[in-house]
Amino acid sequence: MVSDPERDEAHEAVRHDMRRLQQSFTQVGGDGCGCATGNCTGNAAPFDEAGFGQEYYPAADRDLVPVDAVAASLGCGNPLAVAELREGETVLDLGSGGGIDVLLSARRVGPTGRVYGLDMTDEMLALAEANKEKAGIVNVEFLKGTIESIPLPDSSMNVVISNCVINLSVDKPAVFSETFRVLIPGGRFGVTDVVAEDHLTPADRRARGEFVGCIAGALTMAEYREGLEAAGFTDIEIVSTHQVAEEMHSAIVKAVKSR
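Residues numbered from 1 in each chain as written. Predicted model: local features only at pLDDT ≥ 70, side-chain atom pairs only at ≥ 80, totals over all residues. Heavy atoms only, no water.

*Asks:* Mind showing me how you'd approach the pairing of strand β5 (residues 183-196) here?
*Replies:* Residues in a regular strand point their side chains to alternate faces of the sheet. A large share of β5 lies buried, amounting to 11 of its 14 residues. Pairing analysis gives 6 bridges linking strand β4 (residues 157-163) to β5, with the strands arranged parallel. Bridge pairing in β5 links I161 to G190. In this region the chain leaves β4, passes through helix α7 (residues 172-182) and returns to the parallel neighbour β5; the handedness of that crossover is right-handed. Relative to strand β6 (residues 219-220), β5 is paired through 2 bridges, and the arrangement is parallel. Bridging from a neighbouring strand, A196 pairs with T220 of β6. (Buried < 20%, exposed > 50% of the residue type's maximum accessible area, 1.4 Å probe, protein only. Helix = DSSP H or I, 4+ residues; strand = E, 2+ residues; numbered from the N terminus. Pairing = 2+ DSSP bridges. Right-handed = clockwise from strand over helix to strand, strands pointing away.)

Set out below in structure tokens:
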């Protein structure tokens, strides 16, 4: 069980980091983990050495959204390639940052679908709203809140996506439980996230990077699977895609809320 002070302290650390990134994103980018690691490479660079960045989105997708949304993106993968969104679906993006995944999702689900972006920082929400206006996309709504307490009704989402954000939570069981709650029966969980190899202890993970750098707070692959199973998910797949630190990887994580 995570205490309220622990959760509040972690939230404030992430808020502080996101405020810094939002203030400087036109120079260095960043709504995910990359700049928090100290490895930002600049707005013109597609990715950074730590395995976080824009290269995981095809150029054709990057061209569909405002440049500011692309510049503010430093996740560890492309959750849209994981989720296989369909026309008319309702989608939630956990930790939506500057809005790139929300805006791209909105194009995939079309005018009969709807996409929600959830973020806890006023600065990133303001940036996302500005990008929404620039893109001229109307089937999108950005919400303020935390991923441990999602401000949406039960069984209201077809798909939940996220890009390198869940590892930032100190209460991942709450995240998995809330995600399960808002999905419809048969709904899909499709995210990219940082995971550790199973033999790494919490101390090992802390030694490899900071919490807000998406390293210290990462679950092992086994812990991730156990957390999803405990929340009720089935058909769980966790596939490593590339290394982001020693014995730590970006991974595609997929699961289903069984009917």
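*Asks:* Please explain the nonpolar core as it appears in this structure.
*Replies:* Soluble globular proteins: nonpolar side chains tend toward being buried together. Counting 30 residues, the largest nonpolar core has L92, L94, F189, Y224, L228 and F233 as the members making the most contacts within it. Those elements giving two or more residues to this core turn out to be β1 (90-94), β2 (114-119), β4, α7, β5, α9 (221-231), β7 (233-245) and β8 (248-257). Not counting chain neighbours up to four residues away, the residues in contact with F233 comprise F176, T179, F180, L183, F189, L228, A255, V256 and K257. Counting residues in hydrophobic clusters, the runner-up holds 23 residues, among them V65, L80, L125 and I137. (Core = buried A, V, L, I, M, F, W, Y, C linked by side-chain atoms within 4.5 Å. Contact = heavy atoms within 4.5 Å.)

*Asks:* So what exactly am I meant to see when it comes to the packing of aromatic side chains here?
*Replies:* Geometrically, a pair of aromatic rings is defined through the distance of the ring centres and the angle of the planes. Scanning the model with the defined rule gives 4 aromatic pairs in all. Centre to centre, the rings of F176 and Y224 are 5.3 Å apart; their planes meet at 50°, and the pair counts as tilted. Separated by 48 residues along the polypeptide, F176 in helix α7 and Y224 in helix α9 bring together distant segments of the chain. Between F180 and F233, the aromatic rings sit 5.2 Å apart at their centres with planes inclined by 85°, giving edge-to-face as the arrangement. A residue pair is termed long-range when its members are at least 10 positions apart, and F180 in helix α7 and F233 in strand β7 qualify at 53 residues. (Phe/Tyr/Trp six-rings, centres within 6.5 Å; stacked < 30°, edge-to-face > 60°.)

Geometric values such as these leave the question of function open.
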